[in-house]
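Below, each chain spelled out in residue letters.
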Amino acid sequence: MARAAKSTKKPAPSRAAQDSNAQDLDFVLHSLQEEHEKTGRYGASVEEMLHFYEQMLLIRRFEEKAGQLYGLGLIGGFCHLYIGQEAVAVGLQSALTDGLDSVITGYRDHGHMLAYGIDPKAIMAELTGRQAGISHGKGGSMHMFSSEHKFYGGHGIVGAQVSLGGGLAMAHKYREDGGFCLAYFGDGAANQGQVYETFNMASLWNLPIVFVIENNGYAMGTAVKRGSAETEFHRRGTAFRIPGMDVNGMDVLEVRGAAEIAFKHVRDGKGPVLMELNTYRYRGHSMSDPAKYRTREEVQDVREHKDPIEGLKKLLLEQGQTEEDLKAIDKRIRAVVTEAADFSESSPEPAPAELYTDVLVGEY
Ligand SMILES: Cc1ncc(C[n+]2csc(CCOP(=O)(O)OP(=O)(O)O)c2C)c(N)n1
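A.B. asks: Hey, could you run me through the environment of G67 in this one?
C.D. replies: The topology assignment puts G67 in helix α3 (residues 46-71). The exposure class of G67 is partly exposed, given the 15 C-beta atoms found within 10 Å. The residues contacting G67, other than those within four sequence positions of it, are L81 and M287.

A.B. asks: Which parts of the structure should I look at to understand the site of the ligand?
C.D. replies: Taken together, the neighbourhood of the ligand is formed by 13 residues, with V158, G186, G188, A189 and A219 sitting nearest. Its residues assigned to classes, the shell around the ligand shows six nonpolar, five polar and two charged.

A.B. asks: Could you clarify how one ought to interpret the nonpolar core in this entry?
C.D. replies: Side chains of nonpolar character tend, in soluble globular proteins, to be buried together. In this structure, M56, A183, I209, V210, V212, A262 and M275 are the most contacted members of the largest nonpolar core, which totals 82 residues. With residues near it in sequence (within four places) discarded, V212 still touches L92, L182, A183, Y184, M275 and L277.

A.B. asks: Explanation requested: the sheet that holds strand β2 (residues 181-186) in the structure shown.
C.D. replies: Sheets are built from strands paired through backbone hydrogen bonds, the pairs being either parallel or antiparallel. In spatial order, the strands read β1-β2-β3-β7-β6; together these five strands make up an open sheet with parallel pairing. Here the strands that pair on one side only, and so sit at the sheet edges, are β1 (102-104) and β6 (244-248). Direction aside, the axes of adjacent strands within the sheet are offset by 20° on average. Examined bridge by bridge, β6 and strand β7 (residues 273-278) share five bridges and lie parallel to one another. Bridge pairing in β7 places D246 opposite E276. Seen against the sheet, helix α7 (residues 160-175) touches β1, β2 and β3 (209-215) and runs at an angle of roughly 175° to β2.

A.B. asks: Please explain the packing of α7 against helix α8 (residues 193-204) as it appears in this structure.
C.D. replies: Relative orientation and spacing of two packed helices are given, respectively, by the angle between their axes and the distance between those axes. Between α7 and α8, the least distance of the axes is 8 Å, while the angle of their chain directions is 20°. With respect to α8, the element α7 is oriented roughly parallel. As for how α7 packs across α8, the hand of that crossing is left-handed. Judged by residue contacts, V162, S163, G166 and A169 of α7 engage Q194, V195, T198, M201 and A202 from α8. Broken down by class, the residue content of the contact of α7 with α8 amounts to five nonpolar, four polar and no charged.

Conventions and cut-offs
Along each chain, the written sequence defines residue order, and numbers are assigned to residues from 1. Whole-chain, interface and lining totals are the exception, using all residues; otherwise, since this is a predicted model, local features are given only for residues with pLDDT of at least 70 and side-chain atom pairs are given and counted only at 80 or more. Put simply, DSSP marks the helices as runs of H or I at least four residues long and the strands as runs of E at least two long, and each gets a number from the N terminus on. Exposure classes come from backbone-placed C-beta atoms, where a residue is buried if 20 or more other C-beta atoms lie within 10 Å of its own, exposed if 12 or fewer do, and partly exposed in between. Here, residue contact means that the backbone-derived C-beta atoms of the two residues sit within 7 Å. A molecule or strand has a residue near it when that residue's C-beta atom, placed from backbone coordinates, lies within 6 Å of it. Under the scheme applied, nonpolar residues are Ala, Val, Leu, Ile, Met, Phe, Trp, Tyr, Cys and Pro; charged residues are Asp, Glu, Lys and Arg; polar residues are all the others, including Gly. Here, a nonpolar core denotes buried Ala, Val, Leu, Ile, Met, Phe, Trp, Tyr and Cys residues that are linked to one another through C-beta atoms within 7 Å. When DSSP finds at least two bridges between two strands, those strands are taken to pair. Working convention: axes come from line fits to C-alpha atoms, limited for helices to the stretch in contact. Angles between N-to-C directions cover 0 to 180 degrees. If an angle is under 35 degrees, it is roughly parallel; if it is over 145, roughly antiparallel; if it lies from 65 to 115, roughly perpendicular; otherwise it is oblique. The sense of a crossing depends on the near helix, which, turned anticlockwise from the far helix by less than a right angle, makes the crossing left-handed and, turned clockwise, makes it right-handed.

What follows is the structure in structure tokens.
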């Protein structure tokens, strides 16, 4: 007969006692927040600001065009747009070392690829399933990949990219190449078990990795506070001694400022960092989401008061740029996007023989 084990455990401390633990000298909330708040926004030159502006506008216009092509039936399958989140990828990736550091993300990946400098034509051709696409038209929106650019996807399995990112970081360390991995995931993915297994191993092995939680407020139709017990995502590495940072992901200069601190920490061999980038997606989760779980007013309010592109535009105007200068940039970007769309529409689909390429057959 089973015998009830005698509990030797002390009773659980009250909430108040737990709160006072936060004051204990033994308890450390691992954080780089103080440094981030002290340093603040990145002191960009006007040239750099113009570059960030162009990159964010390229993502916005590209995604708008992708939305149109989807509506016309030229893009099949899933398509998750990055509109609203542009400052995150642009601010972070502007601080990477080209050709050295690696990037991995989920299915909302077009913006990250554009921010990495990958040719818009190759991305649009992939979206439309053409041979000239970066995955030869066989991957589509969620499965783009370019080892040449150290861009390791594009993953449809929520959270999977975090563990794979741990592997990429392990490779950087093993090869002693001085690079690190930037692994993006969403607030919904942040509740997955494999994320915490990766945190543990990354911290234990002191891996060069920056975990980036893009908190856009929703996981499909579930608002953060309905699905997450701890909504301050930057604190979630504390149990693994991974320092966190809480960053305004709608301000590209703040994102870049935070990146400087986080990336230095990792490059100095001090192990992983966890960044929470607070942002917002304007469009539905994917093209098939009518977004009934939030009001139009909520979206409009963010557009009017927090838009990352409008925010930077205001700063540029204060720095002496004119409306005409900025309109000329928009015109140029629209031409790049139109060219990418025309190119993909006139490109051939993959030949039937492509069915047999890039297929892994073998015994291990
Ligand atoms: C393992 C797994 N579970 C569920 C899904 C279905 N799914 C696709 S996206 C998504 C929500 C993820 O939200 P979040 O991580 O916040 O990223 P966001 O879409 O906001 O960028 C879910 C549940 C999936 N693709 N993979």
